[in-house]
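# Per-entry structural report
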Amino acid sequence: MLISGTIGEEAAVAIMKAGASDYLMKDNLSRLGEVIKRELEEHKNRKEERQLQHQSEKLSKIIESSKEIIIVFDDSEQIKYCNQSADNYLRIRSQNQMRSIRDILNAKDYDFFKRQMISVLRHNGSWDGEIDLVKEDGSYIPVIFSMVSHLHNNVAEYSLVAIDITHRKEFEKEIIHLNSTLEQKIQERTKQLSLTYKKLEEKNNEILNSINYALRTKNKEMLGRYADMIAGLDI
């Protein structure tokens, strides 16, 4: 703000263009209080705007450098924004043109998205779950995701944040395979033990029948042999 008693109009205009917010003549300071109050309010507003701008830039850097897949799309299913991680996974900025949601969902998930997910998003504002995202080469990436709806310039938009769970899925498959192998080995061992028990039972019955025969026929030689056998058992 400039206060002067000698400045001309052209000089005052030049100073205003250089950054001064207002100027007053010394012989007319009736607006001084009003101008100072306004300038203080504008200074406060400019400070708050700079802080918001700084926070916005900081948040943008965090989102862009995040390892999570982050995508924003609208009701037309056109992707409006994706961070670097999303582009690395899905090549969304393919040939300088953004892909659509339909491009990155498999047929089953896209059908579910159209029939149910989008209406729930509009009604409840959020949706969490698991889906397979489709890379540019057609291969799948299993992810857990969270999706929220919001307004941007009074236009409905949706933000998707997803985490690649490929390694978790591979680990789960390995656990299932190991459990299946263990169960198979237990079944095989149980079958072997059952056969062994059956053979032992048959042998035991054979010995008991022989002893009963020896007792009936009073065959001392057989009885002596079985007596020695029984005495030698570690019971």
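Here, the structure is the one placed above.
Residues numbered from 1 in each chain as written. Predicted model: local features only at pLDDT ≥ 70, side-chain atom pairs only at ≥ 80, totals over all residues. Heavy atoms only, no water.

Along the backbone of the chain there are seven helices and seven strands. Reading the chain from its N end, one meets helices and strands in the order β-α-β-α-β-β-α-α-α-β-β-β-α-α. Look at the contacts in the chain between residues 6 or more apart in sequence, and 34% of them connect residues 24 or more apart. (Helix = DSSP H or I, 4+ residues; strand = E, 2+ residues; numbered from the N terminus. Contact = heavy atoms within 4.5 Å.)

Quick look at the pairing of strand S3 (residues 69-74) now. Counting buried residues in S3 gives six out of six residues, a clear majority hidden from the surface. Because side chains alternate across S3, one face comprises the buried residues Ile-69, Ile-71 and Phe-73, and the other comprises Ile-70, Val-72 and Asp-74, equally buried. Sheet analysis places S3 next to strand S7 (residues 155-164), joined by six bridges and oriented antiparallel. From the neighbouring strand, Val-72 faces S7, where its bridge partner is Ser-159. Pairing analysis gives three bridges linking S3 to strand S4 (residues 79-82), with the strands arranged antiparallel. When the sheet's bridge partners are listed, Phe-73 is paired in S4 with Ile-79. (Buried < 20%, exposed > 50% of the residue type's maximum accessible area, 1.4 Å probe, protein only. Pairing = 2+ DSSP bridges.)

Moving on: the nonpolar core. Membership of the largest hydrophobic core comes to 27 residues, with the highest contact counts inside it found for Ile-71, Phe-113 and Leu-133. At the level of elements, S3, S4, helix H3 (84-90), helix H4 (101-104), helix H5 (107-124), strand S5 (126-134), strand S6 (140-152) and S7 are the ones that each hand at least two residues to this core. Counting residues per element, this core draws most heavily on H5, at six residues. Beyond its immediate stretch of four places on either side in the chain, Leu-133 contacts Ile-69, Leu-90, Ile-104, Leu-105, Ser-139, Tyr-140, Ile-141, Val-143 and Ala-162. (Core = buried A, V, L, I, M, F, W, Y, C linked by side-chain atoms within 4.5 Å.)

Below, the discussion takes up the pattern of salt bridges. Opposite charge on two side chains lets them pair, provided their charged atoms get close. Here the structure, examined in full by the defined rule, presents ten salt bridges. Residue Asp-75 is joined to Arg-122 by a salt bridge in which the shortest nitrogen-to-oxygen separation is 3.0 Å. Here Asp-75 is found in the loop between S3 and S4, whereas its partner Arg-122 is found in helix H5, with 47 residues between them in sequence. For Arg-122, a relative accessible area of 52% translates into the label exposed. (Salt bridge = Lys/Arg side-chain N within 4 Å of Asp/Glu carboxyl O.)

Quick look at the packing of aromatic side chains now. The relation between two aromatic rings is expressed through the spacing of the ring centres and the mutual angle of the planes. Taken as a whole, this structure holds four aromatic pairs when the rule is applied. An aromatic cluster is defined as three or more aromatic residues linked by ring pairs; in this entry it consists of Phe-73, Tyr-110, Phe-113 and Tyr-158. (Phe/Tyr/Trp six-rings, centres within 6.5 Å; stacked < 30°, edge-to-face > 60°.)

This next bit is on the sheet that holds S4. Judged by pairing direction, the sheet is antiparallel, and its five strands sit side by side in the order S4-S3-S7-S6-S5 without closing on themselves. The sheet is open, and its two borders are formed by S4 and S5, each paired with just one other strand. Sheet twist, expressed as the average angle between the axes of neighbouring strands with direction ignored, equals 30°. As judged from the ten bridges shared by S6 and S7, these two strands associate in the antiparallel manner. When the bridges of S7 are listed, Leu-151 appears paired with Ala-156. Lying over the sheet, H5 contacts S3, S5, S6 and S7, oriented at roughly 155° with respect to S5. (Axes fitted to C-alpha atoms, helices over the stretch in contact; angles between N-to-C directions.)

Phi at Glu-77 is positive, roughly 75°, even though this residue is not glycine. Following the sequence through the fold, Glu-77 ends up in the loop between S3 and S4. Residue class for Glu-77 comes out buried when judged on its relative accessible area of 11%. Here the phi dihedral of Arg-91 falls at roughly 50°; this positive angle occurs in a residue that is not glycine. Overall, Arg-91 belongs to the partly exposed group, its relative accessible area being 41%.

What follows concerns H5. Taking 1.5 Å per residue, 18 residues should reach 26 Å; H5 reaches 24 Å between its end C-alpha atoms and fits that length. At Phe-113, H5 shows its largest kink, close to 50°. Against the buried residues of H5 lie S3, H4, S5, S6 and S7. If you check the start of H5, you find a side-chain oxygen 3.2 Å away from the backbone N of Lys-108, and it comes from Asn-106. (Expected span 1.5 Å × (residues − 1). Bend = angle between axes of the 7 residues up to and from the residue. Polar contact = N/O pair within 3.5 Å; in protein donor to acceptor, adjacent residues only side chain to side chain.)

Let's shift gears to helix H6 (residues 166-217). The periodicity of an α-helix, 3.6 residues per turn, causes residues three or four positions apart to be oriented the same way. Between its first and last C-alpha atoms H6 spans 76 Å; for 52 residues at 1.5 Å apiece the expected length is 76 Å, and the two agree. Burial in H6 covers these residues: Ser-210, Ile-211 and Ala-214.

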